[in-house]
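This is what each chain is made of:
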Amino acid sequence: MLGVASTPGRCQMKTTAVVIARGGSTRLPNKNLLSFYGRPLVAHKVWQLKQTNFIEEVIVASDSEEILLAAAREGALPLRREARFCDEKSESWNAVIHDVVSRLDATTIVWAHCTNPCIRPATYDRALRCFMGTDGDSVVSVTAFHNHVWWNGRPLNFDPYNGPHEPAAKLAPIYFQNGGIFVARRRDMESWRYVYGKTPEMFIIDRKEACDVDTQEDLDLAKEAYKDL
């Protein structure tokens, strides 16, 4: 049986990356253990995070022994989660976040997902530099889209009825939260019960690097994107 990561108590500055990966997956079975260029997705993410300059430890939180073992082989510290925090029914997402961050002794947390397998180690370092230099309370990775967007049956960011048509490239960008990187102080995440606060800094990642895996098609696209990157 694997052990667990340490609990709060030590007064030291520490930047910790946290990856949560539950054993079940509805749309893509065993998603977090699927092979990605020779490693399970969760181990691949641990490998990426351990190549950074600023992240001092990587913790993988899961209810699955197989996931924890795969992550530990790559150098992560395991943190066991109760089943009720992993079934996406018994507890809210806020409770899931609080359960994890309240058990850590980190100063700063980089919340990462193994389902964003194309994010470069240098990008995590840039996100941390962004956090260190921002006046905001957190950093959220986003992808910018210059597209004609509709919402609730109406144009959202353009007016097709008045004036000349604006090409998509000239529109103000729409930012899509891609789930790849969230950075904040541990105590703030615990207080918010969330991974960012009210004044987050938008950290832009391009579409290929930010691609997210939910389906087999997503996984195939991510593998192609990773080759390009």
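This text follows the structure it describes.
Everything numeric here is computed off the predicted structure, so don't read it as measured data.

Parameters at a glance
- Residues numbered from 1 in each chain as written.
- Predicted model: local features only at pLDDT ≥ 70, side-chain atom pairs only at ≥ 80, totals over all residues.
- Heavy atoms only, no water.
- Helix = DSSP H or I, 4+ residues; strand = E, 2+ residues; numbered from the N terminus.
- Rg over C-alpha atoms; globule rule 2.2 N^0.38 Å.
- Contact = heavy atoms within 4.5 Å.
- Areas by Shrake-Rupley, 256 points an atom, 1.4 Å probe, with all protein chains shown as cover.
- Pairing = 2+ DSSP bridges.
- Right-handed = clockwise from strand over helix to strand, strands pointing away.
- Disulfide = S-S within 2.5 Å.
- Buried < 20%, exposed > 50% of the residue type's maximum accessible area, 1.4 Å probe, protein only.
- Phe/Tyr/Trp six-rings, centres within 6.5 Å; stacked < 30°, edge-to-face > 60°.
- 1 Å grid on protein atoms, 1.4 Å probe; cavity = no way out; pocket = protein on both sides within 12 Å on 5 of 7 lines; lining within 4 Å.
- Points joined across faces, edges and corners; volume = space filled by probe spheres on them.
- Nonpolar A, V, L, I, M, F, W, Y, C, P; charged D, E, K, R; others polar.

Draft legend 1. Looking closely at the overall build of the protein chain. Along the protein chain, the regular secondary structure elements total seven helices and eleven strands. In summary, the protein chain has a C-alpha radius of gyration of 19 Å against a globular reference of 17 Å for 229 residues, a match within 12%. Taking contacts inside the protein chain between residues at least 6 apart in sequence as the whole, the part at least 24 apart equals 73%. Carbon and sulfur atoms make up 51% of the accessible area of the protein chain, which amounts to about 11,800 Å² in all.

Draft legend 2. Structural context of the pairing of strand E5 (residues 77-80). Of the strand pairs in this sheet, strand E4 (residues 57-62) and E5 are connected by four bridges, and their pairing is parallel. Bridging from a neighbouring strand, Ala-61 pairs with Leu-79 of E5. Taken together, E4, helix H2 (residues 65-73) and E5 constitute a β-α-β crossover, and its handedness is right-handed.

Draft legend 3. Representation of the environment of Leu-219. Position of Leu-219 among the secondary structure elements: in helix H7 (residues 216-228). For Leu-219 and Glu-91, which are 128 residues apart along the polypeptide, the C-alpha to C-alpha distance reads 28 Å. With residues up to four places along the chain from it excluded, the contact list for Leu-219 reads Leu-34, Phe-36 and Val-213.

Draft legend 4. The arrangement of the state of the cysteines in detail. Per the counting criterion, the structure on display carries zero disulfides. The thiol of Cys-114 is not disulfide-bonded; the next cysteine sulfur, from Cys-118, is found 13 Å away. Since its relative accessible area comes to 1%, Cys-114 is described here as buried. Summary of cysteine pairing: Cys-211 is not part of a disulfide, and the nearest cysteine sulfur, belonging to Cys-118, is at 3.5 Å. Taking the relative accessible area as the measure of exposure, Cys-211 reaches 18% and is therefore buried.

Draft legend 5. Region of the structure containing the packing of aromatic side chains. Under the definition given, this model contains eight aromatic pairs. Note on Phe-36 and Tyr-37: the rings are 5.2 Å apart at their centroids and 80° apart in plane angle, and the pair reads as edge-to-face. Here Tyr-37 falls in the partly exposed class, since its relative accessible area comes to 42%. Measuring from centroid to centroid gives 6.0 Å for Phe-182 and Tyr-196, while their planes differ by 15°, and the two rings are stacked. Here Phe-182, found in strand E10 (residues 174-185), pairs with Tyr-196, found in the loop between helix H5 (186-192) and strand E11 (200-204); they are 14 residues apart in sequence, far enough to count as distant. Judged by relative accessible area, Phe-182 falls into the buried class, the value being 4%.

Draft legend 6. How the structure looks around unusual backbone geometry. One non-glycine residue with positive phi stands out, namely Glu-88, at about 60°. Its location among the elements puts Glu-88 in the loop between E5 and helix H3 (93-101). Positioned with a positive phi, Arg-193 is a non-glycine residue whose angle comes to about 60°.

Draft legend 7. Region of interest: the pairing of strand E1 (residues 15-20). Within E1, six of the six residues are buried, leaving the element largely enclosed by the surrounding structure. Residues Thr-15, Ala-17 and Val-19 point to one face of E1 and Thr-16, Val-18 and Ile-20 to the other, with burial holding for every one of them. Taken together, the five bridges between E1 and strand E6 (residues 108-112) define a ladder with parallel strand orientation. Among the inter-strand pairings, Val-19 is bridged to a residue of E6, identified as Ala-112. Across five bridges, the pairing between E1 and E4 is parallel. Each bridged residue has a counterpart across the sheet, and for Val-19 the counterpart in E4 is Val-60.

Draft legend 8. Just the layout of surface pockets, in detail. Considered as a void within the structure, the largest pocket measures approximately 750 Å³ in volume. Lining the largest pocket are 30 residues, and of these Ile-20, Lys-31, Glu-88, Trp-93 and His-113 sit closest to its centre. Secondary structure elements with two or more residues in the lining of the largest pocket: H3 and E10. Per element, the largest residue contribution to the lining of the largest pocket is four residues, and it comes from E10. Residue composition of the lining of the largest pocket, by class: eleven nonpolar, eleven polar and eight charged.

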